[in-house]
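# Examination of the molecular architecture
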Amino acid sequence: MNFTVLTLFPEMIEQGIRTSITGRALAQGIITLRTVNIRDFAHDRYGHVDDYPYGGGAGMVMMAPPIYEAWECATAGMEKKPRLVYMTPQGRVFDQETAKAYAKEEDLVILCGHYEGVDERVLEELGAERISIGDYVLTGGELPAMVVIDAVSRMVPGVLSNEESGETESFMNGLLEYPQYTRPDVFMGREVPEILKSGHHANIARWRRDQSLLRTLEVRPDLLETAELDKKDKIFLEKAKNTCFSADEMVN
Ligand code: ADE
């Protein structure tokens, strides 16, 4: 899978993505990363890529021509017109399903905005998909682009090792993940739940499922509307809604 990022701050993307698991995937050639500096396509010798908005108002707007030319440079030689994702708080909110869908693409081009936004016409001309990473405003699209690249990369076969596999993690079954514990056995007087040391796989699986349900009920009840729930789950949730006990106490 090949990522190309159109940005004013290529070093930010390069440093972020060439680290940790995505860095390893790049070194292994499972994913590739190319950054194209939009400023290299400025039309004046001062490197201006932004201008005042028509109609007035605060801030500056990124001009269409440098972005269009950066795109042309980035996609020259590609057989198929790739998907273009424009990072903006005005977009559809990014989620795990979108990450999975993008991971099936051969190429993904990501455009990072700055200032007050980007001239609408270049987005229309290129058929850009607007994607937000959440309801807050950042200073630019670089961090959101890194979020997307990270989430998409881990869905590309071979990027995660077996131990790191994403299949059982948060959101994978529509629920939040259960709590995890490792050594030491006691930390600051807090003990690892006894059931996890019992070796009884079925009981452990049920406990984890209940913890997932409880967490989701407490923090993201909206997810319960679409999660796949069986009869045992529903009974547990009904009980949980009617009591203030923890999942631990409810199991016993
Ligand atoms: N650019 C600035 N804020 C953003 C956000 N929340 N999501 C995507 N791109 C952005």
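Residues numbered from 1 in each chain as written. Predicted model: local features only at pLDDT ≥ 70, side-chain atom pairs only at ≥ 80, totals over all residues. Heavy atoms only, no water.

### Some details on the site of the ligand
Close to the ligand lie M87, T88, P89, I131, S132, I133, G134, Y136, V137, L138, G140 and P144, which account for all nearby residues. One nitrogen or oxygen atom from the main chain of I133 is found 3.0 Å from a nitrogen atom belonging to the ligand. At 3.0 Å, a backbone N or O of L138 approaches a nitrogen atom of the ligand. For the ligand, whose accessible area on its own is 260 Å², the fraction buried by protein is 96%. Those elements that provide at least two residues to the shell around the ligand are β5 (83–93) and β7 (129–132). In terms of residue count, β5 provides more of the shell around the ligand than any other element does, three residues in total. Looking at the shell around the ligand residue by residue, the class counts come to eight nonpolar, four polar and no charged. (Near = heavy atom within 4 Å. Polar contact = N/O pair within 3.5 Å; in protein donor to acceptor, adjacent residues only side chain to side chain. Areas by Shrake-Rupley, 256 points an atom, 1.4 Å probe, with all protein chains shown as cover. Helix = DSSP H or I, 4+ residues; strand = E, 2+ residues; numbered from the N terminus. Nonpolar A, V, L, I, M, F, W, Y, C, P; charged D, E, K, R; others polar.)

### So, the domain arrangement of the chain
Parsing the chain into structural domains produces domain 1 (2–153) and domain 2 (170–250). Inter-centroid distance (C-alpha atoms) of domain 1 to domain 2 is 38 Å. (Domains from an automatic or database assignment.)

### Structural notes on the environment of T98
Among the secondary structure elements, T98 is positioned in helix α4 (residues 96–102). Once the C-alpha coordinates of T98 and G117 are considered, the two residues, 19 residues apart in sequence, prove to be 23 Å apart. Among the polar contacts made by the side chain of T98, one reaches the side chain of D95 at a distance of 2.6 Å.

### Examining the sheet that holds strand β1 (residues 2–7)
Strand order in the open sheet made by the five strands is β2-β1-β6-β5-β7, with parallel pairing throughout. At either end of the open sheet lies a strand with only one pairing partner, and these are β2 (32–37) and β7. Neighbour-to-neighbour, the strand axes of the sheet open up by a mean angle of 30°, direction not taken into account. Pairing geometry for β1 and strand β6 (residues 107–112), over five bridges, is parallel. Counterpart to F3 in the pairing with β6 is L108. Against the sheet, helix α3 (residues 64–75) engages β1, β2, β5 and β6, with an angle of about 160° to β1. (Pairing = 2+ DSSP bridges. Axes fitted to C-alpha atoms, helices over the stretch in contact; angles between N-to-C directions. Contact = heavy atoms within 4.5 Å.)

### Comments concerning helix α1 (residues 10–17)
Of all the residues in α1, the buried ones are P10, I13 and I17. In an axial view of α1, the angular spread of the buried residues amounts to 70°, which keeps them on one side of the axis. If you follow the buried residues of α1, they end up packed against β1, α2 (20–28), β2, β6 and α6 (142–153). (Buried < 20%, exposed > 50% of the residue type's maximum accessible area, 1.4 Å probe, protein only. Arc of directions from axis to C-beta.)

### Focus: the nonpolar core
If you look at the biggest cluster of nonpolar residues, it comprises 28 residues, and the most contacted ones within it are F3, I13, L33, F94, Y102, I110 and V152. Looking at this core, the elements that each hand over two or more residues are β1, α1, α2, β5, α4, β6 and α6. The contacts of I13, once residues within four sequence positions are left out, are V5, T7, L33, T35, C112, E142, A145 and M146. Counting 22 residues, the second largest nonpolar core, distinct from the first, contains A42, Y86, L111 and V122. (Core = buried A, V, L, I, M, F, W, Y, C linked by side-chain atoms within 4.5 Å.)

### Observations regarding the packing of helix α7 (residues 201–219) against helix α8 (residues 231–241)
At a closest axis distance of 10 Å, the pairing of α7 and α8 adopts a crossing angle of 50°. The angle between α7 and α8 places the two elements in the oblique class. Note that α7 runs across α8; the crossing there is right-handed. Here α7 contributes R206, R209, D210, L213, L214 and L217 to the contact with α8, which in turn contributes K232, D233, F236, L237, A240 and K241. Partitioning the contact of α7 with α8 into residue classes produces six nonpolar, no polar and six charged. (Parallel < 35°, antiparallel > 145°, perpendicular 65-115°, else oblique. Left-handed = near helix turned anticlockwise from the far one by under 90°.)

### Quick look at a nonpolar patch on the surface
A grouping of F9, M12, Y136, L138 and L143 is seen on the molecular surface, where their side chains present a nonpolar patch of about 430 Å² in accessible area. Among the structural elements, Y136 can be located in the loop between β7 and α6. By relative accessible area, Y136 is classed as partly exposed at 43%. (Patch = residues over 30% accessible without salt bridge, like charges linked within 9 Å, V, L, I, M, F, W, Y side chains within 5 Å. Salt bridge = Lys/Arg side-chain N within 4 Å of Asp/Glu carboxyl O.)

### Some points on the side chain of D107
Tracing the backbone through its elements, the reader meets D107 in strand β6. Despite its burial, D107 pairs with no opposite charge, the nearest such side chain being R34 at 6.7 Å. If sequence neighbours within four positions are ignored, D107 has contacts with N2, M78, P82 and R83. (Lys, Arg positive; Asp, Glu negative; His and termini not counted.)

### What to know about unusual backbone geometry
Residue P184 is bonded to the preceding R183 through a cis peptide linkage, with omega at 5°. Following the sequence through the fold, P184 ends up in the loop between α6 and β8 (186–187). Despite not being glycine, S20 shows a phi value in the positive range, around 60°. Mapped onto the fold, S20 is located in helix α2. The exposure class of S20 is exposed, given its relative accessible area of 60%.

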